[in-house]
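Structural description and commentary
Residues per chain, in single letters:
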Amino acid sequence: MPGIARGDINQDQDFCAELLVANQEMAHIIASIKVNKQTDAIFLKAFDKSQKLWSKHVKAELDMQFPSYNPLDYGSSFTMCQCASMLHFTQARVASLRQWLNPLAEPDICAGSKHPD
């Protein structure tokens, strides 16, 4: 993730607003995947497990980046930085999840559950 320069106080709101949009997009993609794969119980179980583990991974990464329990230790930019970091992870997850929605351009013997039903 690229660094963030000090700047406009509105960046707090910008990153957090972008994160909200990205979270809504991810929720929509998750719902669409679940509808498309609703008859595949094994996939859905694995998918739910993957999403839970992804959430734990993001929390662990944020805990590592900002280990103090006191947000004041990170200054006035803490909210912006936290939103920017979470946005980075969420955008990457959205890109990954899209693979189950977009049809394959070419046959891929390694696509597994990404093949359309």
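To be clear, the structure that these remarks concern was listed above.
The text that follows walks through the structure, step by step, so that each part is easy to find.

About the cut-offs
Residues numbered from 1 in each chain as written. Predicted model: local features only at pLDDT ≥ 70, side-chain atom pairs only at ≥ 80, totals over all residues. Heavy atoms only, no water. Core = buried A, V, L, I, M, F, W, Y, C linked by side-chain atoms within 4.5 Å. Buried < 20%, exposed > 50% of the residue type's maximum accessible area, 1.4 Å probe, protein only. Helix = DSSP H or I, 4+ residues; strand = E, 2+ residues; numbered from the N terminus. Contact = heavy atoms within 4.5 Å. Salt bridge = Lys/Arg side-chain N within 4 Å of Asp/Glu carboxyl O.

What follows concerns the nonpolar core. Core analysis: the largest hydrophobic core is formed by 15 residues, its most contacted members being Met26, Ile33, Phe47 and Leu97. Here the element with the most residues in this core is helix α2 (residues 41-65); it accounts for 6 residues. Discounting residues that sit within four places of it in the chain, Ile33 has contacts with Phe43, Phe47, Leu97, Trp100 and Leu101. If you look at the next biggest cluster of nonpolar residues, it comprises 7 residues, including Phe15, Ala22, Met80 and Cys83.

Another point: the environment of Leu87. Tracing the chain through its elements places Leu87 in helix α3 (residues 78-97). Judged by relative accessible area, which is 5%, Leu87 ranks as buried. Spatially, the C-alpha atoms of Leu87 and Leu20 are 8.6 Å apart, while their sequence positions differ by 67 residues. Look past the residues within four positions of Leu87 in its chain and what remains in contact with it is Phe15, Glu18, Leu19 and Ala22.

In a structure, side chains of opposite charge can pair up when their charged atoms sit close to one another. Counted according to the given criterion, the structure contains 3 salt bridges. Its salt-bridge partner being Arg98, residue Glu25 comes within 1.9 Å of it at the nearest N-O pair. Remark: Arg98 occurs in the segment after α3 and Glu25 occurs in helix α1 (residues 11-36); sequence separation between them is 73 residues. By relative accessible area, which is 31% here, Glu25 ends up partly exposed. Look at Arg98 and you get partly exposed, because its relative accessible area is 32%. With a closest N to O distance of 2.9 Å, Lys34 and Asp48 form a salt bridge.

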